[in-house]
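Residue strings, one per chain:
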Amino acid sequence: MKQQLSIIKIGGNIIENESELFKFLDLFSKIDRPKILVHGGGKKANQVLEKMGIATKMVNGRRITDAESLNVAVMVYGGLTNKKIVSKLQSLQCNAIGMSGADGNSIHAHKRPVTDIDYGFAGDVDGVNTNLISNLLKLELSPVFCALTHDQKGQLLNTNADTIASELAIGMSTTFETTLYYCFELNGVLQNFQDKNSVIKKIDSNSYESLISEGSIANGMLPKMQNCFHALKNGVKEVRIGNLGLFEKENTNYTTLVL
């Protein structure tokens, strides 16, 4: 029987709120099974770019990563945000290790090909080094991945954190029974975005298609859900979406995704 593994991606609104971040990290530190944390840091990166007088370029909700933006992403994601999280986890007696995809060749990717839009130094994941990550987990280390990968030729790449979480979950599901969590400020996937309590408790492949056609799943939630079902179709046991209540035993008010 495979050992259970939790892979958790935290959203930017939690990262930016010191008290919410500490609450989350306290809950994360108490998970008594192998665990991996994934984070972005786009809001902080935007603030730094603004201070430097560099315009943030977005197309369809995706960042265009030119050379200057990539340098800021490396500084913010791999440096400031990652090390703050790792040091806070150490204070909670959780032995965390900060990672980018380049560290230990843990996640390799390729630069997204130019089609109608040139996304610059954006990376699409090719593979996950499951042996290395499994060995870190055996040492009772908790990897904390930032939203950076590499192309194995010396180039760092900016990669969507939701995608990194999904690809890690797929890769690790060959060895572990993997549950993927997307933790953000909402209670879960909402039937009506105006009603924060209209949580859809369970979504499977059929209801997923219906919710898209109804317009309940749209905008920023759509790529997140695409990542979720991509993970489920490739060996991940279950995906859960919600706020910090995901990690409180008595709470059932979140969304569970299954095939």
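Residues numbered from 1 in each chain as written. Predicted model: local features only at pLDDT ≥ 70, side-chain atom pairs only at ≥ 80, totals over all residues. Heavy atoms only, no water.

**Quick word on the environment of Asn 192**
Step number 1: Tracing the backbone through its elements, the reader meets Asn 192 in the loop between β11 (177-183) and β12 (202-203).
Step number 2: The class for Asn 192 is partly exposed, based on a relative accessible area of 39%.
Step number 3: Put simply, Asn 192 and Gly 215 are 23 residues apart on the chain and 9.5 Å apart in space, counted from C-alpha to C-alpha. (Helix = DSSP H or I, 4+ residues; strand = E, 2+ residues; numbered from the N terminus. Buried < 20%, exposed > 50% of the residue type's maximum accessible area, 1.4 Å probe, protein only.)

**Description of the state of the cysteines**
Step number 1: Taken as a whole and assessed by the stated rule, the structure comprises 0 disulfides.
Step number 2: This cysteine, Cys 94, is not joined by any disulfide, and Cys 183 carries the nearest cysteine sulfur, 15 Å off.
Step number 3: With a relative accessible area of 3%, Cys 94 lands in the buried category.
Step number 4: With no disulfide of its own, Cys 228 has Cys 183 as its nearest cysteine by sulfur position, at a separation of 13 Å. (Disulfide = S-S within 2.5 Å.)

**Overview of the packing of helix α5 (residues 130-138) against helix α6 (residues 161-172)**
Step number 1: Where α5 contacts α6, the axes come no closer than 10 Å and their chain directions differ by 85°. Accordingly, the angle class assigned to the pair α5 and α6 is roughly perpendicular. Side by side, α5 and α6 meet where Thr 130, Ile 133, Ser 134 and Leu 137 of the first sit next to Leu 168, Gly 171 and Met 172 of the second.
Step number 2: Of the residues that constitute the contact of α5 with α6, the class distribution is 4 nonpolar, 3 polar and no charged. (Axes fitted to C-alpha atoms, helices over the stretch in contact; angles between N-to-C directions. Parallel < 35°, antiparallel > 145°, perpendicular 65-115°, else oblique. Contact = heavy atoms within 4.5 Å. Nonpolar A, V, L, I, M, F, W, Y, C, P; charged D, E, K, R; others polar.)

**What to know about the side chain of Asn 158**
Step number 1: Secondary-structure assignment places Asn 158 in strand β10 (residues 156-158).
Step number 2: Looking at Asn 158, the relative accessible area reads 10%, which means it is buried.
Step number 3: Among the polar contacts made by the side chain of Asn 158, one reaches the side chain of Thr 65 at a distance of 3.0 Å.
Step number 4: The residues touching Asn 158, leaving out its near neighbours within four places in the chain, are Arg 63, Thr 65, Leu 70, Tyr 77, Phe 121, Ala 122, Gly 123, Ala 147 and Leu 148. (Polar contact = N/O pair within 3.5 Å; in protein donor to acceptor, adjacent residues only side chain to side chain.)

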